[in-house]
Amino acid sequence: MSAAYFITGTDTDVGKTTVAAGLLHAARSAGLSTAAGKPVASGCEVTPKGLRNADALALLAECSVPLSYQQVNPVAFEPAIAPHLAAREAGVALTVQSLLTPMRAILAMNADFTLIEGAGGWRVPLADQDNLSDLAIALKLPVILVVGVRLGCISHALLTAEAIARDGLQLAGWVANIIDPKTSRLEENLATLAERIPAPCLGRVPKLKALSAEAVAEHLQLDLLD
């Protein structure tokens, strides 16, 4: 039976893609088929084949189901700015409806394990009053939260968990990505997160010298997901 999740973070640059690639790698190592989507990405590089985003490429590399780059990342912008601003500058109508069809196509492939990765944190604006969180709601996916562990992360994590619950979605699990290993009272902070986030911790990812999906996967536990 296939399982699919929307993966979000407590902020931008907290390691969503690092963890997502690790989860996909762990699933592949367990003999599961994998697929992923990055519906919108800004901060893309111009290449002879078109705009390419490093995060989307990292996800694509961990997909066992045959997918093209355009399927994984249907909307790409060159400037490394908020997606709604990049879309406005490019004259693109960035709405939930415009992202639903390509993401539903990925889900329809029925891979054993599928991840749809957001951009930035939970409440990222699209066009008009649409937010990227509305895409997760429309897809009715349970959510995996990546907590970038550093000073201030507890409030960000709890507020995000509360917002996910208010939006009527299940928080399936969370991952502690240790961005700052010198965080004061690190273990106490992690214990507080574990006590207060109403979902299982799927793992702690330490600050790795050699960052790879395989290395990250060693610190994750897929079997804790419902």
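Residues numbered from 1 in each chain as written. Predicted model: local features only at pLDDT ≥ 70, side-chain atom pairs only at ≥ 80, totals over all residues. Heavy atoms only, no water.

Caption draft 1: Representation of the overall build of the protein chain within the structure. When helices and strands are tallied, the protein chain shows nine helices and 10 strands. Radius of gyration (C-alpha) of the protein chain: 16 Å, near the 17 Å computed for a compact globule of 226 residues. Reported as C-alpha extents along the three principal axes, the dimensions of the protein chain are approximately 45 × 40 × 35 Å. Across the 226 residues in the protein chain, those meeting the buried criterion constitute 50%. Considering only contacts within the protein chain whose residues lie at least 6 apart along the sequence, 77% involve residues at least 24 apart. Accessible surface, the protein chain as shown: approximately 10500 Å² in total, 52% of it carbon and sulfur. The average position of the 17 basic charges and that of the 22 acidic charges among the side chains of the protein chain differ by 2 Å. (Helix = DSSP H or I, 4+ residues; strand = E, 2+ residues; numbered from the N terminus. Rg over C-alpha atoms; globule rule 2.2 N^0.38 Å. Buried < 20%, exposed > 50% of the residue type's maximum accessible area, 1.4 Å probe, protein only. Contact = heavy atoms within 4.5 Å. Areas by Shrake-Rupley, 256 points an atom, 1.4 Å probe, with all protein chains shown as cover. Lys, Arg positive; Asp, Glu negative; His and termini not counted. Charge placed at Lys NZ, Arg CZ, Asp CG, Glu CD.)

Caption draft 2: Quick look at the environment of leucine 190. Looking at the element boundaries, leucine 190 is found in helix α8 (residues 186-196). C-alpha separation for the pair leucine 190 and alanine 176, spaced 14 residues apart in sequence, amounts to 7.8 Å.

Caption draft 3: Representation of the state of the cysteines within the structure. One pass over the structure, following the stated rule, counts zero disulfides. Sulfur of cysteine 44: no disulfide; nearest cysteine sulfur belongs to cysteine 63 and is 16 Å away. (Disulfide = S-S within 2.5 Å.)

Caption draft 4: Geometry of unusual backbone geometry. The backbone of aspartate 13 sits at a positive phi, close to 60 degrees, despite the residue not being glycine. With respect to the element layout, aspartate 13 can be found in the loop between β1 (3-9) and α1 (16-29). Assessed through its relative accessible area of 66%, aspartate 13 is described here as exposed. The phi dihedral of arginine 185 falls on the positive side, at around 55 degrees, and the residue is not glycine.

Caption draft 5: Representation of α8 within the structure. When we look at burial in α8, the residues that qualify are Leu186, Asn189, Leu190 and Leu193. Each buried residue of α8 lies within a common arc of 100 degrees when the element is viewed along its axis, so the set occupies one face. Seen from the open side of α8, the exposed residues pointing more than 90 degrees away from its buried face are Glu195 and Arg196. Close packing links the buried residues of α8 with β8 (143-149), α7 (153-166), β9 (171-178) and β10 (201-205). (Arc of directions from axis to C-beta.)

Caption draft 6: Representation of the nonpolar core within the structure. Within the largest apolar cluster, 75 residues are counted, with the highest numbers of intra-cluster contacts made by Leu23, Phe113, Leu132, Leu135, Val147 and Ile197. Among residues more than four places away in sequence, those in contact with valine 147 are Thr10, Cys153, Ala157, Trp174, Val175, Ala176, Asn177, Leu193 and Ile197. (Core = buried A, V, L, I, M, F, W, Y, C linked by side-chain atoms within 4.5 Å.)

Caption draft 7: Structural context of the pattern of salt bridges. If you walk through the whole model with that rule in mind, you get five salt bridges. Lysine 38 is the salt-bridge partner of glutamate 117, the closest N and O atoms lying 2.9 Å from each other. Within this pair, whereas glutamate 117 is found in strand β7 (residues 113-117), its partner lysine 38 is found in the loop between β2 (34-37) and β3 (40-41), the two being separated by 79 residues in sequence. A residue is classified by how much of its surface remains accessible, and lysine 38, at 4% relative accessible area, is buried. Two residues, arginine 204 and glutamate 187, come together in a salt bridge whose shortest N-O distance is 3.0 Å. Here arginine 204 is found in strand β10, whereas its partner glutamate 187 is found in helix α8, with 17 residues between them in sequence. The class for glutamate 187 is partly exposed, based on a relative accessible area of 45%. (Salt bridge = Lys/Arg side-chain N within 4 Å of Asp/Glu carboxyl O.)

Take it as geometry only, folks, not as evidence of what the structure does.
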